[in-house]
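Geometric and topological summary
Chain by chain, the residues run as shown.
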Amino acid sequence: MPVKLLKTVLLCAVALAPSLAEAQQRPVYLDTSARIEERIEDALSRMTLDEKIAMIHAQSKFSSPGVPRLGIPELWCTDGPHGIRPEVLWDEWEQAGWTNDSCTAYPALTALAATWNRDMAALYGRSIGAEARYREKDVLLGPGVNIYRTPLGGRNFEYMGEDPYLAGEMAVPYIREVQKQGVAACVKHYALNNEETHRHTVDIDLDDRALYEIYLPAFRKAVVEGGAWSIMGSYNLYRGVHGCHNDRLLNHILKGEWGFDGAVVSDWGGTHSTDEAVTGGLDIEYGTWTDGLTEGAGNAYDEYFMATPYRDAILAGRLTERELDDKVRRVLRLIFRTAMNTDKPFGAMCSEEQTAAARRIGGEGIVLLRNERGTLPISSRRGIRIAVIGENAVKMMTVGGGSSSLKVKHECSPLEGIAARAAACGAEVVYARGYVGDTTGSYNGVETGQNLADSRSEQELIAEAVEAARNADYTIFVGGLNKSANQDSEGTDRLSLDLPYGQDRVIEALAGATDRLVVALVSGNAVAMPWVGGADAIVQTWYLGSEAGNALADVLFGDVTPSGKLPFTFPVRLQDVPAHALSAKFPNDGKTYYHEGIFVGYRGYEHNGTEVLFPFGHGLSYTTFEYGKLRADRKSIGAGETLTLSIDITNTGGRRGSEVVQLYIADPQSSLPRPVKELKGFEKISLEPGQTRTVTFTVDSSALSYYDDRKGEWVAESGEFEALAGSSSADIRARAKFRLK
Ligand code: BGC
């Protein structure tokens, strides 16, 4: 009997096993025809105080108990967000050493966002959801939708960029597809987790316009449209209160304004007070730093804020059972939707389809930033010589970076991907290291097994790389950041915008040695490029997971025409970043005010008139697209009406390709300051050479509104608006004016 089936049957057996008298009184929880809400009330009415308390806090690193007496199973969580974390020991972060928990690593979420393709987000959710399901997980800790406020943010690679509309649109299909597997998505980290270094103590304040217009919309969409069954509170404080028990964020906005009926899960160790957690809206507590099972008094999990201290407070009459019942209802709802959902599929792991999905999403997310004289794609003429340079061409990137670190079934490095593709067309590949960066390769007991030690001097390494470049037709430098501290990594932020380990010097030396230099950057963040003019082509290749090398080779050799677009701006200098221009210190501990307000990302650069290196939404193709006129179906709209905009896009180049048509709305006259323009729509279309397709957008007053913090509501002011259709935020190809009556 397959393991899955056996487990389901065992579950039924356990559920049906108690004494006859008890069984006669119990509802049959596995009867899916009973309505969930009725079953919740029924279960709640049968639970003792101790059973209720047990249900709202952890019993191990990643699980909480159900109610065994009533046949209600445990709830199991897993990281998230771009692969299923290896099993860990009961009370340790260390991997448990299983031999059947190696996963598919999907591209990190910046890469998914860069596809600008909702279908890719759905494919992603379906694929990773099936792995979570196969591994018997009930809650997948992802996706992350915090806004990219500064390129120094250590966790930006796990998020979906600087624009709330893009992040929200991409989160929705991911969530829906994960949840079709009977696995809850847990959207994180709600809210304002934009700094890592002092993430437990940074206390953020900002105006309500910035909160509602920039930092909350992706969470709102994830909840309201994606229907997320759970959400994770953030470590940081907002106006003096931690995210995991922030009354305003959790009770008023999330559960009140958005009608969230799921469970608020604490970040691991994000709970700090019983009273605040109980009244502040937290539903289930994980990861509180007790001494663990070995050193704690009895069971250390009993010492959690929402364990014995909560029970005692209820018994003493200081706290009531009213909040407790609400929490238990939410946790029960989560369990009925996941662990007790008998309609869910069996899931799958590391299948060919899942590997292919990782490769496809990766290929679509790669962004061609620059391509002088048609340097790319690489010619497939026989006998071509390719020099591959750089540590990131060989370094495994799926291990490290914090809680998203993975144990993979396989990881194809850029060098392996390029070499395999080159061999298929009779090209020759040589490799030189170029620089030595981070030679470590382990995380919580998962080892890459790579020995990257190299004791040669910088001079020797550069000389070898230059020599290789001189003898090659193409030189591909693969560098960027990595997953170690102060790079792209949880718990720390970057120290500067510059590429680390002297990579600028290597690139400059290579630029002098070849006229076909391709720079491929592996990172989840923007980097400074003082050498930009010397690179003939630049490719932003993110962290692409198991299929990284194959996906990169697909684009470099033209098997896939690049179609990714930047989900965040690449600034020229750090001081140009709106957050840095105004808020002197980052990272900052304690009270931190977001002085730039709504002017984050392109909204800020455009408002300030700052030149950027590569704008939001930018990404080149191997083909070209012509935009027709932007047509509006009417000249003005009234409240509650919609405007339909359409535009013809033609592939005017010689290959099939996809274009992301971006719709921005500008509000030139407004009683409050507004960004020059804001993204309010996008569509990705695929076109054969010569083919034309019409793209249509529907605009309603929500796309025209701003959040009026004096009134505490969204306002669409009558007057003139402009719709702009473009290939990037800086490449607007067509415009249409209209009025809101
Ligand atoms: C991270 C979360 C993660 C959790 C469990 C925390 O440190 O902030 O994103 O899901 O650990 O690993």
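Residues numbered from 1 in each chain as written. Predicted model: local features only at pLDDT ≥ 70, side-chain atom pairs only at ≥ 80, totals over all residues. Heavy atoms only, no water.

**Focus: the packing of helix α16 (residues 414-424) against helix α19 (residues 548-556)**
The geometry of α16 relative to α19 is characterised by a closest axis approach of 7 Å and an angle of 50° between their N-to-C directions. As judged from the angle between their axes, α16 and α19 are oblique. In the crossing of α16 with α19, the sense of the turn from one axis to the other is right-handed. Contacts from P414, G417, I418 and R421 in α16 reach G549, N550, L552, A553 and L556 in α19. By residue class, the composition of the contact of α16 with α19 is 5 nonpolar, 3 polar and 1 charged. (Axes fitted to C-alpha atoms, helices over the stretch in contact; angles between N-to-C directions. Helix = DSSP H or I, 4+ residues; strand = E, 2+ residues; numbered from the N terminus. Parallel < 35°, antiparallel > 145°, perpendicular 65-115°, else oblique. Left-handed = near helix turned anticlockwise from the far one by under 90°. Contact = heavy atoms within 4.5 Å. Nonpolar A, V, L, I, M, F, W, Y, C, P; charged D, E, K, R; others polar.)

**Notes on the site of the ligand**
Taken together, 15 residues lie around the ligand, and D79, R155, H189, Y235 and D267 are the ones closest in. Contact distances for the ligand include 2.5 Å between an oxygen atom and a side-chain N or O atom of D79. When isolated, the ligand has an accessible area of 310 Å², and the protein chains bury 96% of it. When grouped by side-chain class, the residues that make up the shell around the ligand number 6 nonpolar, 2 polar and 7 charged. (Near = heavy atom within 4 Å. Polar contact = N/O pair within 3.5 Å; in protein donor to acceptor, adjacent residues only side chain to side chain. Areas by Shrake-Rupley, 256 points an atom, 1.4 Å probe, with all protein chains shown as cover.)

**Quick look at the pattern of salt bridges**
In a structure, side chains of opposite charge can pair up when their charged atoms sit close to one another. Taken as a whole and assessed by the stated rule, the structure comprises 62 salt bridges. Here R333 and E37 are joined by a salt bridge, their closest N and O atoms 2.9 Å apart. Here E37 lies in helix α3 (residues 36-46) and R333 lies in helix α14 (residues 321-337), a separation of 296 residues in the sequence. What makes E37 partly exposed here is its relative accessible area of 36%. With a shortest N-O distance of 3.0 Å, R603 and E678 are connected by a salt bridge. One end of the pair, R603, is in helix α21 (residues 602-608); the other, E678, is in strand β26 (residues 678-687), with 75 residues separating them in the sequence. By relative accessible area, R603 is classed as buried at 2%. Judged by its relative accessible area of 5%, E678 falls in the buried class. (Salt bridge = Lys/Arg side-chain N within 4 Å of Asp/Glu carboxyl O. Buried < 20%, exposed > 50% of the residue type's maximum accessible area, 1.4 Å probe, protein only.)

**With respect to the domain arrangement of the protein**
One frequently used descriptor of interface size is the decrease in accessible area upon assembly of the parts. Partitioning the protein into structural domains gives domain 1 (40-73 + 230-337), domain 2 (361-568) and domain 3 (623-740). Contacts between the two partners involve 7 residues from domain 2 and, on the opposite side, 10 residues from domain 3. Counting the surface domain 2 buries against domain 3, the share from its top three residues, T561, S563 and K565, is 75%. For the pair domain 2 and domain 3, the interface holds 2 salt bridges. The salt bridge involving E659 is made with K565; its shortest N-O contact spans 3.4 Å. (Domains from an automatic or database assignment. Buried area = accessible area lost by both parts, 1.4 Å probe.)

**Considering the sheet that holds strand β6 (residues 230-233)**
Strand order in the open sheet formed by 6 strands is β1-β2-β3-β4-β6-β9, with mixed pairing between adjacent strands. Either end of the sheet is taken by a strand with one partner, and the two such strands are β1 (63-64) and β9 (263-265). Note: strand β4 (residues 184-190) against β6, 3 bridges, orientation parallel. Counted as the bridge partner of Y190 is G233 from β6. Taken strand by strand, helix α7 (residues 164-180) contacts β3 (139-141) and β4, and its axis lies near 140° from that of β4. (Pairing = 2+ DSSP bridges.)

**A few points about the nonpolar core**
Of all hydrophobic cores here, the largest spans 118 residues; its most connected members are L112 and Y190. Here the element with the most residues in this core is α7; it accounts for 8 residues. Both domains that meet at this core, namely domain 1 (40-73 + 230-337) and domain 3 (623-740), each give it at least three residues. By size, the runner-up hydrophobic cluster in this structure holds 73 residues, among which are L376, I378, M529 and L552. (Core = buried A, V, L, I, M, F, W, Y, C linked by side-chain atoms within 4.5 Å.)

**Here's the deal with the packing of aromatic side chains**
The way to describe two aromatic rings as a pair is by their centre distance and the angle between their planes. Counted under the stated rule, the structure contains 25 aromatic pairs. Between W268 and Y286, the ring centres sit 4.6 Å apart and the planes meet at 5°, which makes this aromatic pair stacked. Linking W268 in the loop between β9 and α11 (274-280) with Y286 in the loop between α11 and α12 (292-295), this pair joins segments that are 18 residues apart in sequence. No difference in accessibility class separates W268 from Y286, as the two residues are buried. Measuring from ring centre to ring centre gives 6.2 Å for Y435 and Y501, while their planes differ by 10°; the resulting arrangement is stacked. In this pair, Y435 is assigned in the loop between β12 (428-432) and β13 (442-443) and Y501 in the loop between β15 (474-480) and α18 (503-511), connecting sequence segments 66 residues apart. Look at Y435 and you get buried, because its relative accessible area is 3%. (Phe/Tyr/Trp six-rings, centres within 6.5 Å; stacked < 30°, edge-to-face > 60°.)

**Considering the sheet that holds strand β8 (residues 241-242)**
Taking strand neighbours across the sheet as the criterion, the 4 strands line up as β8-β7-β5-β19 in an open arrangement whose pairing is mixed. In this open sheet, the two edge strands, each paired with only one partner strand, are β8 and β19 (591-593). The pairing of strand β7 (residues 237-238) with β8 spans 2 bridges and is classified as antiparallel. Paired with Y238 across the strands is V241, a residue of β8.

**Focus on α3**
Along α3, the residues that are buried comprise R39, I40, A43 and L44. Axial view of α3: buried residues confined to an arc of 135°, hence all on one face. Packing partners of the buried residues in α3 comprise α4 (49-55) and α14. (Arc of directions from axis to C-beta.)

**A look at the side chain of T492**
With respect to the element layout, T492 can be found in the loop between β15 and α18. At 2.8 Å, the side chain of T492 and the backbone nitrogen of N486 are in polar contact. Residues within four places of T492 in sequence aside, it is in contact with G154, E196, T197, A485 and N486.

**Re the environment of G604**
Mapped onto the elements, G604 comes out in helix α21. For the pair formed by G604 and V577, sequence separation is 27 residues and the distance between their alpha carbons is 7.9 Å. Leave out the neighbours within four places in its chain, and G604 touches P578 and F599.

**As for the pairing of β4**
The buried fraction of β4 amounts to 7 of the 7 residues, a majority that puts the element mostly inside the structure. The sheet contact formed by β3 and β4 spans 2 bridges and is parallel. Looking at the pairing, L140 lines up with A185 of β4. In terms of handedness, the path from β3 via α7 over to β4 forms a crossover that is right-handed. (Right-handed = clockwise from strand over helix to strand, strands pointing away.)

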